[in-house]
Amino acid sequence: MIKAKVSKLKDIYRKFDQKANEAKKEQACEKGCGFCCKEAGSIDITTLEGFAIRDAMKALPRSRQKSLTKSFQQEIKKREKGIVVPCPFLMKNNACMIYEDRPFSCRRIYSTHVCTRQNPPMVSRQVMEDAKLTIKALQELDITGYSGHMSYILYMLSTPEFLDTYLKGECKPEEIMVFGKAHKIIINKMVV
């Protein structure tokens, strides 16, 4: 069931990319920029995207997996203090170590100019409208899941009780209520 959903997830990504292709021809973004990966502050994902990211992490060398787990734990602590930190998947050369499996939050952002803090990304209105529809499609696909910051969703998936509930296709908001409210996790079922 999850493999089929991940396949549909990738189809949703492809459809968005096809719609955004023309507008993206004018993008200033290139490999090694990393501005959004450092400055965006919130990389929101669905639980299903988190599942796909976990699979991508499993394909990395064991030492890198351990390092990432530690980085995500540190990121959670910093986020709880209101500190914005770079994405743990961002490498020293400003490339993404899971680029092919990156979530939609990363796929939808590009800019028509080189970004700075004073001059943040500028994205076409049409692409942003298409992105809203794509987010809705992602949440509908993952109707028994949740949406929220990548660190928190990955943390939830590392919790055996939550993972078991999710893999059964069940939705038990009471299991994550306190954590969810504290970290702005939303139930996809309520969004659609």
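Refer to the structure above for everything that follows.
Throughout what follows, the structure given in this document is the object of discussion. Just so it is clear, the structure is predicted and the values come from calculations on it, not from any experiment. (Residues numbered from 1 in each chain as written. Predicted model: local features only at pLDDT ≥ 70, side-chain atom pairs only at ≥ 80, totals over all residues. Heavy atoms only, no water.)

**Looking at the overall build of the chain**
And then number 1: The number of helices and strands found in the chain is 10 helices and 3 strands.
And then number 2: A compact globule built from 192 residues would reach a C-alpha radius of gyration of about 16 Å, and the chain, at 16 Å, matches this within 12%.
And then number 3: Its C-alpha atoms put the chain at 45 × 35 × 30 Å along the principal axes.
And then number 4: A total of 192 residues make up the chain; the buried ones form 43% of that total. (Helix = DSSP H or I, 4+ residues; strand = E, 2+ residues; numbered from the N terminus. Rg over C-alpha atoms; globule rule 2.2 N^0.38 Å. Buried < 20%, exposed > 50% of the residue type's maximum accessible area, 1.4 Å probe, protein only.)

**Re the pairing of strand 2 (residues 146-149)**
As a general feature of sheets, a regular strand has side chains that alternate between the two faces.
And then number 1: Examined bridge by bridge, strand 1 (residues 44-46) and strand 2 share 3 bridges and lie antiparallel to one another. From the neighbouring strand, Ile-45 faces strand 2, where its bridge partner is Gly-148.
And then number 2: With 2 bridges connecting them, strand 2 and strand 3 (residues 186-187) associate as antiparallel partners. Residue Ser-147 lies in a different strand from strand 3, and its bridge partner there is Ile-186. (Pairing = 2+ DSSP bridges.)

**Quick word on the nonpolar core**
And then number 1: Core analysis: the biggest nonpolar cluster contains 43 residues, and Ile-53, Phe-89, Tyr-146 and Met-150 have the highest contact counts within it.
And then number 2: Within the residue set of this core, elements represented by two or more residues are helix 1 (2-24), helix 3 (47-58), helix 4 (62-80), helix 6 (125-141), helix 7 (150-157) and helix 8 (160-167).
And then number 3: Ranked by residue count, the leading element in this core is helix 1, at 7 residues. (Core = buried A, V, L, I, M, F, W, Y, C linked by side-chain atoms within 4.5 Å.)

**Quick look at the sheet that holds strand 2**
And then number 1: Strand order in this open sheet of 3 strands is 1-2-3, and the pairing throughout is antiparallel. This sheet does not close on itself; its edge strands, each paired only once, are strand 1 and strand 3.

**Some words on the packing of helix 3 against helix 7**
Think of two packed helices as two axes; the pair is described by the angle between the axes and how far apart they sit.
And then number 1: Where helix 3 meets helix 7, the closest approach of the two axes is 9 Å, and the angle between their N-to-C directions is 75°. If you check the angle between helix 3 and helix 7, you find them roughly perpendicular. Between helix 3, through Thr-47, Gly-50, Phe-51, Ile-53 and Arg-54, and helix 7, the contact on the second element is made entirely by Met-150, Ile-153, Leu-154 and Leu-157.
And then number 2: Here the contact of helix 3 with helix 7 is built from residues that sort into 6 nonpolar, 2 polar and 1 charged. (Axes fitted to C-alpha atoms, helices over the stretch in contact; angles between N-to-C directions. Parallel < 35°, antiparallel > 145°, perpendicular 65-115°, else oblique. Contact = heavy atoms within 4.5 Å. Nonpolar A, V, L, I, M, F, W, Y, C, P; charged D, E, K, R; others polar.)

**Some details on the layout of surface pockets**
Remark: the empty space left among the atoms is shown by a probe the size of a water molecule rolled over them.
And then number 1: Empty space within the largest pocket amounts to approximately 750 Å³.
And then number 2: Along the wall of the largest pocket there are 33 residues; nearest its centre are Cys-37, Tyr-99, Arg-102, Cys-106 and Ile-109.
And then number 3: Mapped onto the lining of the largest pocket, the elements with two or more residues apiece are helix 1, helix 2 (35-39) and helix 5 (104-107).
And then number 4: Per-class residue counts for the lining of the largest pocket are 20 nonpolar, 6 polar and 7 charged.
And then number 5: For the second largest pocket, the calculated volume is near 320 Å³.
And then number 6: If you list the elements that add at least two residues to the lining of the second largest pocket, you get helix 3, helix 4 and helix 7.
And then number 7: Among the elements that line the lining of the second largest pocket, the one with the most residues is helix 4, at 7 residues.
And then number 8: A class-by-class count of the residues in the lining of the second largest pocket yields 5 nonpolar, 5 polar and 4 charged. (1 Å grid on protein atoms, 1.4 Å probe; cavity = no way out; pocket = protein on both sides within 12 Å on 5 of 7 lines; lining within 4 Å. Points joined across faces, edges and corners; volume = space filled by probe spheres on them.)

**Some words on the packing of helix 1 against helix 3**
And then number 1: Running from amino to carboxyl end, helix 1 crosses helix 3 at an angle of 100°, the nearest separation of the two axes being 10 Å. Classified by the angle between their axes, helix 1 and helix 3 sit roughly perpendicular to one another. Across from Ile-2, Lys-5, Val-6, Leu-9 and Tyr-13 in helix 1, the residues of helix 3 making contact are Leu-48, Glu-49, Phe-51 and Ala-52.
And then number 2: Of the residues assigned to the contact of helix 1 with helix 3, the class counts are 7 nonpolar, no polar and 2 charged.

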